[in-house]
Amino acid sequence: MERPDIIRKTAQDLTVPPNLANYDAVHASFSWHEAERELAGLPGGGRNIAYEAVERHAQGAQRDKTAFRFIGAQQTRDMTYRELSAHSNRFANVLKDLGVGKGERLFILLGRVPALYVSALGGFKNGSVVSPLFSAFGPEPLLTRLKLGEAKVLVTTELQYRRKLEKVRDQLPNLKHVLIVAEEGKPAPSIPGTLDFNALMEQESDEFELVPTQAEDMALLHFTSGTTGTPKGAVHVHGAVVTHWATGKYALDLHPDDVYWCTADPGWVTGTSYGIIAPLLHGVTSIIDELDFDAERWYRILQEEQVSVWYTAPTAIRMLMKAGSEIAKKYAFPKLRFVASVGEPLNPEAVWWGREALGLPIHDNWWQTETGGIMIANTPAFDIKPGSMGRPLPGVEAFIVKKDEQGNVSVIDQPEVEGELALRAGWPSMMRGYLHNDEKYRKCFAGELYLTGDLAKRDQDGYYWFVGRSDDVIKSAGHLIGPFEVESALMEHPAVAEAGVIGKPDPTVGEVVKAFVSLKAGFEPSEELRLELLGHARKRLGAAVAPKEIDIVASLPRTRSGKIMRRLLKARELGLPEGDLSMLEGGA
Ligand code: AMP
């Protein structure tokens, strides 16, 4: 097949009229204030995510429409908008009866089961701040986040609790209530100090009067990783729902009859903004796959559920590519009309693979935990330049900037010049702060520009191209991993003197976590010790974060000020030029 640099769209590519048909005109005239008016607002004034996402539909013509279809190992369960409203009301009542007040923190550590979605929406209704955690995190990342976020309530399973949290519960003085969701088909466990989620739900009413929240009230706390220090808790507010709505419309092109599937886990921001909130806002039916990736099953879901809009990630696409196009050919996707991807660079190869295997090119888009919603995208009516993230959505102004030695930031006007990607602050889903870390938050801004930490360039047609990160944060299987968090866990092992962690390029997951450690006096390198360290890290951090490779080395390169030079470790690992070594301890 011919592979030109641009995939031109024709009328035949658009089976339904796209929501963003005239990019230039809509981008020029768009206003967030007008977008706000498209949503209802709370009857007595104010803004609440769950009201816009669920109640508007549950009280209207859509009430008996399926909101979520949960596909589990044993069964498929549908939940209508009305049922979702009733269940989330029950959970809001549970929170209220437990004395959980407005602004208090609700953490959810569950797989993609109904209780997760019901708890999150019930949490919004109660005015609580919702923080979903990824279930593949180990005890260390969980404890850090629960502590930082001052969790008051945690909804989880017996297995998660016993394996990861029971022993460290005394380190969480704010955590007043742990609610256990019984395993499928099993009786509720009785664990000291915990409550039975289902039993509490049964006692409650289906009615709940929403706690009045305002657009600027905190609604969500999403953790993201930096290069140094603990993870950062990005604070998002109820008003963010306007961006979720506008991007669901323009970037995902949601129409009321769509069957939509977002493969992301709500433990990461995509799984919340676009796995829970945006599809509900547009009143569509969402598919939730409760199980992990499996190529054959994924194709079957796309076919059998007649998915029309699919939002997935480059790692998943590369795993499908690896599984071979023979599997794809056994299935047909006549209803599929739009496929989008986010989280990591999407190589042109993957865009084209989509066209061959699914009949549609993949549309890359870009955003991050801090932006709360999609900012730059390829939308259905756009011509695609494979390898590009697309163009800024309506309401988003993007720039490429450079910093001089004094730290002054200036905008680069010419196209094709690399610099840091910056956005003009002011869209509704922009984070309102990093929890308890004002200094880091302030450092993200230069005047009214929000600096994203990503390097990119813009071409003469206004398309943005991702170049790399400006820091040492690792992106593995679409998940941001802070090297510091991994290094700290390794240093807890009695044999480890120092640790340096890098992302090593990998054809499937983008980057794998690789660690270098030096040993304390009295310890000798051995294969046995290396395996022990791998096991230790996996137990502490969980499979999603732990290093896949560990090298034991004599010493690690440090700067004169004592910082481990991860860049140098990476350059050496990849056989790249070592660059300026004047900062190196004992260096030139
Ligand atoms: P997170 O906050 O975990 O969602 O990660 C955000 C980061 O993922 C961004 O700052 C980028 O480094 C990366 N990222 C997200 N989308 C893309 C994309 N389409 N292309 C390249 N990198 C991306």
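Q: Hey, could you go over the site of the ligand for me, with residue numbers and the actual values?
A: Taken together, 18 residues lie around the ligand, and Asp364, Asn365, Gln368, Thr369 and Lys475 are the ones closest in. Within the backbone of Pro345, one N or O atom sits 3.5 Å away from a nitrogen atom of the ligand. In the model, an oxygen atom of the ligand is placed 2.9 Å from a nitrogen or oxygen of the Asp454 side chain. Contact with the protein chains covers 95% of the free accessible surface of the ligand, which is 500 Å². Only strand E14 (363–366) and strand E23 (464–469) provide two or more residues apiece to the shell around the ligand.

Q: Please provide a residue-by-residue account of the pairing of strand E1 (residues 66–71), values included.
A: The buried count for E1 comes to five of six residues, which makes it a mostly enclosed element. The pairing of E1 with strand E2 (residues 76–80) spans five bridges and is antiparallel. Paired with Ile71 across the strands is Thr76, a residue of E2. Hairpin connection, E1 to E2: the antiparallel pair is bridged by four residues. Sheet analysis places E1 next to strand E11 (residues 285–289), joined by four bridges and oriented parallel. When the bridges of E11 are listed, Ile71 appears paired with Asp289.

Q: Please give an account of the pattern of salt bridges that cites residues and values.
A: Two side chains of opposite charge can pair, provided their charged atoms sit close to one another. Summed over all chains, the structure comprises 46 salt bridges. Linking Arg469 and Asp471 is a salt bridge whose minimum nitrogen-to-oxygen distance equals 2.8 Å. Relative accessible area serves as the criterion here: at 24%, Asp471 is assigned to the partly exposed category. Notably, a salt bridge pairs Lys514 with Glu549, separated by 3.3 Å at the nearest N-O pair. In this pair, Lys514 is assigned in strand E27 (residues 510–519) and Glu549 in strand E28 (residues 549–552), connecting sequence segments 35 residues apart. Glu549 sits in the partly exposed class, given a relative accessible area of 27%.

Q: Any details on the nonpolar core? Residues and values, ideally.
A: The biggest cluster of nonpolar side chains holds 91 residues, and the ones touching the most others in it are Phe91, Leu280 and Tyr311. Those residues in contact with Phe91 that lie beyond four places of it in its chain are Leu106, Val118, Ser119, Gly122, Gly123, Val155, Leu179, Phe197 and Met201.

Q: Describe the packing of helix H3 (residues 49–58) against helix H10 (residues 269–281), and please don't skip the residues or the numbers.
A: Closest axis-to-axis distance for the H3/H10 pair is 8 Å, and the angle between their directions is 50 degrees. In this view, H3 runs oblique relative to H10, as classed from their interaxial angle. Along this stretch, H3 crosses H10, giving a crossing that reads as left-handed. Packed against H3, whose contacting residues are Ile49, Glu52, Ala53, Val54, Arg56 and His57, the element H10 presents Ile277, Leu280 and Leu281 at the interface. When grouped by side-chain class, the residues that make up the contact of H3 with H10 number six nonpolar, one polar and two charged.

Q: An account of helix H11 (residues 295–304) is requested, with residue identities and associated values reported.
A: Listed in full, the buried residues belonging to H11 are Ala295, Arg297, Trp298, Tyr299, Ile301 and Leu302. Of the residues flanking the end of H11, it is Gln306, one or two places downstream, whose phi is positive at about 55 degrees.

Q: Could you give an account of the environment of Phe523, with specific residues and numbers?
A: You can see Phe523 is positioned in the loop between E27 and helix H17 (527–541). Using a relative accessible area of 35% as the deciding quantity, one classes Phe523 as partly exposed. Taking C-alpha positions, Phe523 is 33 Å from Lys147, a pair spaced 376 residues apart along the chain. Apart from residues lying up to four places away in sequence, Phe523 is in contact with Pro494 and Ala495.

Q: Which residues make up the packing of aromatic side chains, and what values do they have?
A: Pairs of aromatic rings are described using the distance from one ring centre to the other and the angle between the two planes. One pass over the structure, following the stated rule, counts 24 aromatic pairs. Ring geometry for Trp298 and Trp310: centres 6.0 Å apart, planes at 80 degrees, overall edge-to-face. Of the two residues, Trp298 is situated in helix H11 and Trp310 in strand E12 (residues 309–312); the sequence distance between them amounts to twelve residues. Judged by relative accessible area, Trp310 falls into the buried class, the value being 0%. The ring centre of Tyr23 lies 4.2 Å from the NZ or CZ of Arg391, which sits over that ring.

Q: Provide a residue-level description of the packing of helix H6 (residues 139–148) against H17, including the pertinent values.
A: Orientation of H6 relative to H17, taken along the N-to-C sense of each, is 35 degrees, at an axis distance of 4 Å. Each of Pro139, Glu140 and Pro141 in H6 lies in contact with H17, whose residues at this interface are Lys539, Arg540 and Leu541. For the contact of H6 with H17, a count of residues per class yields three nonpolar, no polar and three charged.

Q: Account for helix H7 (residues 158–165), naming residues and giving values.
A: Gln160, Tyr161, Lys164 and Leu165 are the residues of H7 that are buried. Mapping the buried residues of H7 onto a view down its axis gives an arc of 100 degrees, with all of them on the same face.

Q: Can you explain the pairing of E12? Please cite residues and give values.
A: With burial as the criterion, each face of E12 is covered, one bearing Val309 and Tyr311 and the other bearing Trp310 and Thr312. Relative to E12, strand E10 (residues 259–262) is paired through three bridges, and the arrangement is parallel. Across the sheet, the residue bridging to Trp261 is Trp310, located in E12. In terms of strand pairing, E12 meets strand E13 (residues 338–342) through four bridges, oriented parallel. Within E13, the position partnered with Trp310 by the bridge is Val339.

Q: Explain the environment of Ala537 to me, and be specific about the residues and the numbers.
A: Here Ala537 is to be found in helix H17. Each C-alpha atom of the pair Ala537 and Pro547 lies 7.0 Å from the other, and the pair is ten residues apart in sequence.

Q: Can you break down the environment of Gly535 residue by residue, with the values?
A: Mapping Gly535 onto the fold places it in helix H17. Between the C-alpha atom of Gly535 and that of Pro547, which follows or precedes it by twelve residues, the distance is 9.7 Å.

Q: Before we move on, could you go through unusual backbone geometry and cite the residues and values that matter?
A: Of note in this structure, Glu150 is not a glycine but carries a positive phi near 50 degrees. The residue Glu150 is located in the loop between H6 and strand E5 (151–157) in this model. For Glu150, a relative accessible area of 29% translates into the label partly exposed. Notably, Asp253 is not glycine yet its phi reads approximately 55 degrees, a positive angle. By secondary structure assignment, the location of Asp253 is in the loop between helix H9 (241–250) and E10.

Q: Which residues make up the side chain of Glu420, and what values do they have?
A: If you trace the backbone, Glu420 turns up in strand E19 (residues 419–424). Despite its burial, Glu420 remains without a salt bridge, the nearest opposite charge being carried by Lys403 at 4.5 Å.

Thresholds, definitions, all that
- Residues numbered from 1 in each chain as written.
- Predicted model: local features only at pLDDT ≥ 70, side-chain atom pairs only at ≥ 80, totals over all residues.
- Heavy atoms only, no water.
- Near = heavy atom within 4 Å.
- Polar contact = N/O pair within 3.5 Å; in protein donor to acceptor, adjacent residues only side chain to side chain.
- Areas by Shrake-Rupley, 256 points an atom, 1.4 Å probe, with all protein chains shown as cover.
- Helix = DSSP H or I, 4+ residues; strand = E, 2+ residues; numbered from the N terminus.
- Buried < 20%, exposed > 50% of the residue type's maximum accessible area, 1.4 Å probe, protein only.
- Pairing = 2+ DSSP bridges.
- Salt bridge = Lys/Arg side-chain N within 4 Å of Asp/Glu carboxyl O.
- Core = buried A, V, L, I, M, F, W, Y, C linked by side-chain atoms within 4.5 Å.
- Contact = heavy atoms within 4.5 Å.
- Axes fitted to C-alpha atoms, helices over the stretch in contact; angles between N-to-C directions.
- Parallel < 35°, antiparallel > 145°, perpendicular 65-115°, else oblique.
- Left-handed = near helix turned anticlockwise from the far one by under 90°.
- Nonpolar A, V, L, I, M, F, W, Y, C, P; charged D, E, K, R; others polar.
- Phe/Tyr/Trp six-rings, centres within 6.5 Å; stacked < 30°, edge-to-face > 60°.
- Lys NZ or Arg CZ within 6 Å of the ring centre and 35° of its normal.
- Arc of directions from axis to C-beta.
- Lys, Arg positive; Asp, Glu negative; His and termini not counted.

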